[in-house]
Amino acid sequence: VRCVQETDMGSVGQNYCLIVSAIGFVFLGYLGVLVAINSETMYVKVEDKDSTVVSLFISAFVYAFIFGITMYFKYNDLQTNLARKEIQKMLPKNQKKELEFEMKAYR
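Residues numbered from 1 in each chain as written. Predicted model: local features only at pLDDT ≥ 70, side-chain atom pairs only at ≥ 80, totals over all residues. Heavy atoms only, no water.

**So, the side chain of S39**
So, step 1. Relative to the assigned elements, S39 resides in the loop between α2 (9-36) and α3 (49-90).
So, step 2. A polar atom in the side chain of S39 sits 2.8 Å from the side chain of T41. (Helix = DSSP H or I, 4+ residues; strand = E, 2+ residues; numbered from the N terminus. Polar contact = N/O pair within 3.5 Å; in protein donor to acceptor, adjacent residues only side chain to side chain.)

Quick look at the structure:
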C-alpha cells in the first residue's frame, strides 16, 4: 500500500503505456515475421501477403515509437523530481514551504 501511495497517477499511466507498447511491438513484429515467411503455424490465409506484412510492421513500429516517447517523458520526469529534491535539500525550511506552494501551482 505504501508503494502505491508514493506514486502519482502519472507514473502509473506511464508504466502502463510502456508495458502495453512493448508487448504490442513484440506481438505485432512476431505476427509480421510469421506472415512474411508464410509460416504453417498461422491458420489464417492471407489474401494480400505483402500489404499485410507492411501493415503489421508499421503497426509494430508505431508501438515502438510510442514506447520511445513514453520512456523519454518518464526519464524527463525522473530527472525533474531528482532536481526538485536536490533544490529542497539546499533551501532553508521557510523557503521550502514557499517552493512547495509554487510547485503545486504548476502541476
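The discussion continues.
**Quick notes on unusual backbone geometry**
So, step 1. The phi angle at N38 is positive, at roughly 55°, despite the residue not being glycine.
So, step 2. Note that N38 resides in the loop between α2 and α3.

**Overview of the environment of A64**
So, step 1. Summarising the element assignment, A64 is placed in helix α3.
So, step 2. On the basis of relative accessible area, A64 is assigned to the partly exposed category, the value being 27%.
So, step 3. For A64 and F25, which are 39 residues apart along the polypeptide, the C-alpha to C-alpha distance reads 5.8 Å. (Buried < 20%, exposed > 50% of the residue type's maximum accessible area, 1.4 Å probe, protein only.)

**So, the confidence of the model for the chain**
So, step 1. Looking at the chain as a whole, the pLDDT averages 78, with 70% of positions reaching at least 70.
So, step 2. The least confident element of the chain is helix α1 (residues 2-6), whose mean pLDDT is 42; the most confident is α2, at 89.
So, step 3. Here residues 1-6 scores under 50 on pLDDT; set against residues more than four positions off or in separate chains, the count is zero contacts. (pLDDT = per-residue confidence, 0-100. Contact = heavy atoms within 4.5 Å.)

**Comments concerning the packing of aromatic side chains**
So, step 1. Evaluated as defined, the whole model comprises two aromatic pairs.
So, step 2. On the numbers, 5.9 Å between centres and 55° between planes, the contact of F25 with F61 is tilted. Here F25, found in helix α2, pairs with F61, found in helix α3; they are 36 residues apart in sequence, far enough to count as distant.
So, step 3. With relative accessibility at 52%, the residue F61 sits in the exposed group. (Phe/Tyr/Trp six-rings, centres within 6.5 Å; stacked < 30°, edge-to-face > 60°.)

**Quick notes on a nonpolar patch on the surface**
So, step 1. Among the surface-exposed residues, V54, I58, V62, F65, I66, I69, Y72 and F73 lie close enough to one another that they form a single nonpolar patch of about 780 Å² accessible area.
So, step 2. With respect to the secondary-structure elements, I66 resides in helix α3. (Patch = residues over 30% accessible without salt bridge, like charges linked within 9 Å, V, L, I, M, F, W, Y side chains within 5 Å. Areas by Shrake-Rupley, 256 points an atom, 1.4 Å probe, with all protein chains shown as cover. Salt bridge = Lys/Arg side-chain N within 4 Å of Asp/Glu carboxyl O.)

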